[in-house]
Amino acid sequence: MTAKVIDGKAFAANVRAQVAEHVARLREENGLQPGLAVVLVGEDPASKVYVKNKHASTVEVGMASFEHRLDASTGEAELLALIDQLNADPKVHGILVQLPLPGHLNSELVINRIAPAKDVDGFHISNVGLLGTGQKSMVPCTPLGCLMMLRDHHGKLAGLNAVVVGRSNIVGKPMAQLLLGDSCTVTIAHSRTKDLAAVCRGADILVAAVGRPEMITGEMVRPGATVIDVGINRIERDGKAKLVGDVHFESAAAVAGAITPVPGGVGPMTIACLLANTLTACCRANGLAEPEGLTA
C-alpha cells in the first residue's frame, strides 16, 4: 500500500476538542450554552444507537442535550407541534429529527418544518437553496466532514479536478456544491455514467458516495489521487459480517495518494460536524463570530 490513510477517528476527536473549547469560551464570556434537540420517533434499533451516541457526544463537549423520544404511532400534527415548540425555544440552537421516520409520516414535511437556522442536518429546502447559490447556510454534516479532511490534506483545493460518485441529496449533491465553493472543477457521476472508470481516473479528488459495496476499484483511481469513501455497507465475507465502503480499499490504496478507510474514516466526522453545526448555529443566533475552521 502506498496511500496515506486519513484517520477520520483522530480527525473527529480533534474537531470535538475544538468545539469543546469554543463551547467553554461561550459559557465563560457570553453566558451561552449551545443546545441540541434530537427527536426520535419509534424504536428503530440503529436509530436508537445513533441517538444515544449523539447525546453522549453533545454532553461531552459541554452542550445542552434535549432528547424527545416519541412512540412509533405518533401523529404528524403532534410531531410538527413539537418542532414548533423547539423552534421557539431560545435554549435550543440545533434541531435534528432522526431518520428514517415511520412510514405514515412525511419526512420532507417534517424536515422543512424545522427553522432553517436550527436545521443542523442541513436538509431544509432553504439551506439546500442557500448552499446551491453560494450563500451562508447550514451544511449537511457528512459532506462538511469530507471537506474538512480534504482541506486539511491538500491545503487549498482551488483548481483540482473533483469527481463525486453519487447524486443523493444528503451527500452527493451538497458535496459537489462544497467543492465548487472551494473552486474545484466538479463532475457528479453515478451508477449510470458512461465509462465511469474513465471519469473517475480524471479526478484529483474522488469522493465515493454511491451506496454500492466496493464499487470503486484501484483501476478506477488516478495515481496519487485523494479518495474519500463515504460508503458504509454491511456484507458477508468468509461467513462473517464485515463493514466495507464503496471503494475496494486494498486495490485503491495501492494507487491513491491518500484514502479514508471504512470503518474509521468519514463515519466519525458526521457526529463531530453535527456538534460543529450546533455551535455555529448558536453563534449566528447571537450575532457572534463563527468558529474558525469548523464551517464551510
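Residues numbered from 1 in each chain as written. Predicted model: local features only at pLDDT ≥ 70, side-chain atom pairs only at ≥ 80, totals over all residues. Heavy atoms only, no water.

Q: Describe the sheet that holds strand β5 (residues 161-165), naming the residues involved and giving the relevant values.
A: The six strands lie next to each other as β1-β11-β8-β7-β5-β6, forming an open sheet whose pairing is parallel. The open sheet is flanked by β1 (4-5) and β6 (185-189), the only strands paired with a single partner. For strand β8 (residues 226-229) and strand β11 (residues 258-259), the ladder comprises two bridges, and the chain directions are parallel. Following the sheet pairing, Thr226 is matched in β11 by Ala258. Along the sheet, helix α6 (residues 141-154) makes contact with β1, β7 (205-208), β8 and β11, crossing β8 at roughly 160°. (Pairing = 2+ DSSP bridges. Helix = DSSP H or I, 4+ residues; strand = E, 2+ residues; numbered from the N terminus. Contact = heavy atoms within 4.5 Å. Axes fitted to C-alpha atoms, helices over the stretch in contact; angles between N-to-C directions.)

Q: Quick rundown of the state of the cysteines? Include the residues and the values.
A: One pass over the full model with this rule turns up zero disulfides. Sulfur of Cys184: no disulfide; nearest cysteine sulfur belongs to Cys146 and is 13 Å away. (Disulfide = S-S within 2.5 Å.)

Q: Got a sec to walk through unusual backbone geometry? Specific residues and values, please.
A: Excluding glycine, residues mostly have negative phi values, and the peptide bonds linking residues are mostly trans. Of note, the amide linkage connecting Leu99 to Pro100 takes the cis form, showing an omega dihedral of 0°. Even without a glycine there, the phi angle at Ser183 is positive, about 65°. Within the secondary structure layout, Ser183 lies in the loop between α7 (172-181) and β6. The backbone of Asp195 shows a phi angle near 50°, a positive value even though the residue is not glycine. Inspection of the secondary structure puts Asp195 in the loop between β6 and α8 (196-201).

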